[in-house]
Amino acid sequence: MPDLDQIKQEEQGVRDGRGRFARGRSGNPAGRPRGCRDHVNRAARLLLAGEGEALTRKAVELALAGDPTALRLCLERIVGPYRERAVEFTMPPIRNAADLAGAMAAVADAAAQGAVTPREAMQFGHVIEAYVRAVEATEFEQRLRALEAADAASA
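Residues numbered from 1 in each chain as written. Predicted model: local features only at pLDDT ≥ 70, side-chain atom pairs only at ≥ 80, totals over all residues. Heavy atoms only, no water.

Draft legend 1. Region of the structure containing the overall build of the protein chain. Along the protein chain, the regular secondary structure elements total six helices and zero strands. Residues classed as buried in the protein chain amount to 12% of the 155 residues present. Relative to all contacts within the protein chain whose residues are 6 or more apart in sequence, the contacts with residues 24 or more apart total 37%. Accessible surface computed for the protein chain: about 13100 Å², of which carbon and sulfur atoms make up 58%. (Helix = DSSP H or I, 4+ residues; strand = E, 2+ residues; numbered from the N terminus. Buried < 20%, exposed > 50% of the residue type's maximum accessible area, 1.4 Å probe, protein only. Contact = heavy atoms within 4.5 Å. Areas by Shrake-Rupley, 256 points an atom, 1.4 Å probe, with all protein chains shown as cover.)

Following this line, the structure appears as structure tokens:
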């Protein structure tokens, strides 16, 4: 009985030692030629060339007439996607676990004064929480090493 995998590999082309196709050799030589998908885009651009102003005017007219799809399209182009703003907030330096309460108090104060939004305060809280976990892990590792060193010294 012939080995179908061997026949398949011979038909598909040369592979390297890890089973990947060799450089410059396609796994599907009869596949899509380069640039053929771009023909549709090129044809669409040619059809729309010079019609941008008229199409935009029509979309605005439809939006003003109450067409929800046209309205959404126009607003998306005018307003653009939401990007978070840069927050000007000075967080006190955090050097150890004792500084964490002060940092959280500063975040809460900034939110109460309106310097940051509640969402931004929550995100700062997540950063501080991650820092707490990192400090706890570091302190745990230090205690564990100290215990192991004491155990090794007593043995």
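Draft legend 2. Structural view of the nonpolar core. Formed by F89, I94, L100, A103, A106, V107, A110, V116, A121 and I128, the largest nonpolar core amounts to 10 residues. Listed by contribution, the elements that provide at least two residues to this core are helix 5 (100–113) and helix 6 (118–154). Residue contacts for L100: discarding those within four places in its chain leaves I94, I128, Y131 and V132. (Core = buried A, V, L, I, M, F, W, Y, C linked by side-chain atoms within 4.5 Å.)

Draft legend 3. Structural view of a nonpolar patch on the surface. Residues L71, L75, I78 and V79 make up a contiguous nonpolar surface patch of roughly 410 Å² in combined accessible area. Tracing the chain through its elements places I78 in helix 4 (residues 68–79). (Patch = residues over 30% accessible without salt bridge, like charges linked within 9 Å, V, L, I, M, F, W, Y side chains within 5 Å. Salt bridge = Lys/Arg side-chain N within 4 Å of Asp/Glu carboxyl O.)

Draft legend 4. Looking closely at the packing of helix 3 (residues 52–64) against helix 4. It is at 7 Å that the axes of helix 3 and helix 4 come closest, and there the two elements cross at 120 degrees. Considering their axes alone, helix 3 and helix 4 lie oblique with respect to each other. The two elements helix 3 and helix 4 meet at a crossing, and its hand is left-handed. Along its contact with helix 3, which presents A59, V60, L62 and A63, the element helix 4 presents A70, L71, L73 and C74. Its residues assigned to classes, the contact of helix 3 with helix 4 shows eight nonpolar, no polar and no charged. (Axes fitted to C-alpha atoms, helices over the stretch in contact; angles between N-to-C directions. Parallel < 35°, antiparallel > 145°, perpendicular 65-115°, else oblique. Left-handed = near helix turned anticlockwise from the far one by under 90°. Nonpolar A, V, L, I, M, F, W, Y, C, P; charged D, E, K, R; others polar.)

Draft legend 5. Looking closely at helix 6. An ideal rise of 1.5 Å per residue puts 54 Å on 37 residues; helix 6 measures up with 53 Å between its terminal C-alpha atoms. If you check which residues of helix 6 are buried, you get E120, A121, G125, I128 and V135. Those residues of helix 6 hidden inside the fold are in contact with helix 5. (Expected span 1.5 Å × (residues − 1).)

Draft legend 6. View of the pattern of salt bridges. Taken as a whole and assessed by the stated rule, the structure comprises five salt bridges. Its salt-bridge partner being R57, residue E53 comes within 3.1 Å of it at the nearest N-O pair. Here E53 and its partner R57 are both found in helix 3, four residues apart, which amounts to about one turn of the helix. For E53, a relative accessible area of 61% corresponds to the exposed category. Put simply, R72, E76 and R77 are held in one network by salt bridges that share partners.

Draft legend 7. Representation of the environment of C74 within the structure. Here C74 shows up in helix 4. Take C74: its relative accessible area is 14%, and that puts it in the buried class. Sequence separation between C74 and A63 is 11 residues, and the spatial gap between their C-alpha atoms is 7.2 Å. If sequence neighbours within four positions are ignored, C74 has contacts with A59, V60 and A63.

Draft legend 8. Representation of the confidence of the model for the protein chain in the model. For the protein chain, mean pLDDT is 81; residues scoring 70 or higher make up 86% of the total. At the low end of the mean pLDDT range in the protein chain sits helix 1 (residues 4–12), at 54; at the high end sits helix 5, at 90. (pLDDT = per-residue confidence, 0-100.)

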